[in-house]
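# Structure at a glance
The lines below spell out each chain.
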Amino acid sequence: MIPKKVEEAINNQIKEEEHSSRIYLAMASWCDANGFPGAASFFYRQTQEERFHALKFIRYVNERGGHAKLQVLPEPNNEYNSIIDLFKETLIHEEFITNCINNVYEVTMNEKDFSTQTWLQFFITEQIEEESTVRGILGKFEMIGDNKSGNYLLDQELAILGAKPVGVLV
C-alpha cells in the first residue's frame, strides 16, 4: 500500500506532468506558426513524453493501492518573443520539474517508502537528461543568434530529435 503522503505528492506530480505536456503542446504550436517545423516536431515529441510520464505516475499509484486523481490545469503561455526565449522558458520549466521530482523523493524518504524511492530513480535520471538537452539546444541558438541559415540548420537538427520514439507503457 502506498503511504497517503506519497500518494498526495505523486498526485501533485501528475498535475505537473500533465501541465508540462500542455506547455510543450503550446510551444509546438508556436513553433509551427512561426516557421520552426523542426522545433515544433521536438516539442510535439516532448508533449507525448510528458503525457507518458503522467501515465506512468497514474499507473504506479493505482498499482500500489492508491487512487491517482486528476486536477485542474492552468492555461499555458501561448506567446513567445523568439525561439531563444522559448527555449529559455523550457529550461526554467525543466529545472522546476526537477525540483518537483526531488520534492516527491523527499516525501518518500520521510515516509520510508523505499519502493517508491527506487521507482523514482527513472525520473531523477530523466531530468538530468532533459535539462542537459535543453541547455545544449539553447546554447546553440544563443551561439548562432539571428543567423537565418544557422537557425534553419538547428531547426533541422531539432526535427531529428523530435523523431525519437517515446516510451511505451507495458
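This section reports on the structure supplied with the text. In this text, all values refer to a predicted model and were calculated from it rather than measured experimentally. (Residues numbered from 1 in each chain as written. Predicted model: local features only at pLDDT ≥ 70, side-chain atom pairs only at ≥ 80, totals over all residues. Heavy atoms only, no water.)

### Let's talk about the packing of helix α1 (residues 4-33) against helix α3 (residues 83-110)
- Across the interface, α1 lies against α3 with an axial gap of 10 Å and an inter-helix angle of 170°. Taken together, the axes of α1 and α3 are roughly antiparallel relative to one another.
- Of the residues belonging to the contact of α1 with α3, the class tally is 16 nonpolar, 5 polar and 5 charged. (Axes fitted to C-alpha atoms, helices over the stretch in contact; angles between N-to-C directions. Helix = DSSP H or I, 4+ residues; strand = E, 2+ residues; numbered from the N terminus. Parallel < 35°, antiparallel > 145°, perpendicular 65-115°, else oblique. Nonpolar A, V, L, I, M, F, W, Y, C, P; charged D, E, K, R; others polar.)

### What about the packing of aromatic side chains?
- All told, the structure shown has 12 aromatic pairs when counted by the stated rule.
- Where F57 meets W119, the ring centres are 5.2 Å apart and the plane angle is 75°; that geometry is what we call edge-to-face. Of the two residues, F57 sits in helix α2 (residues 37-63) while W119 sits in helix α4 (residues 114-144), which places them 62 residues apart along the sequence.
- Cluster of aromatic residues (ring-pair linked, three or more members): Y24, F42, F43, F87 and F141.
- Here K56 stacks its cationic end above the ring of F122, 4.3 Å away from the centre of that ring. (Phe/Tyr/Trp six-rings, centres within 6.5 Å; stacked < 30°, edge-to-face > 60°. Lys NZ or Arg CZ within 6 Å of the ring centre and 35° of its normal.)

### A short note on the pattern of salt bridges
- Applying the stated criterion across every chain, the model contains 8 salt bridges.
- Salt-bridge contacts for R135 lead to E131; the nearest nitrogen and oxygen are separated by 3.1 Å. In this pair, R135 and E131 both sit in helix α4, 4 residues apart, roughly one turn of the helix.
- Given a relative accessible area of 40%, R135 falls into the partly exposed group. (Salt bridge = Lys/Arg side-chain N within 4 Å of Asp/Glu carboxyl O. Buried < 20%, exposed > 50% of the residue type's maximum accessible area, 1.4 Å probe, protein only.)

Functional significance is not addressed by these values, which are geometric in nature.
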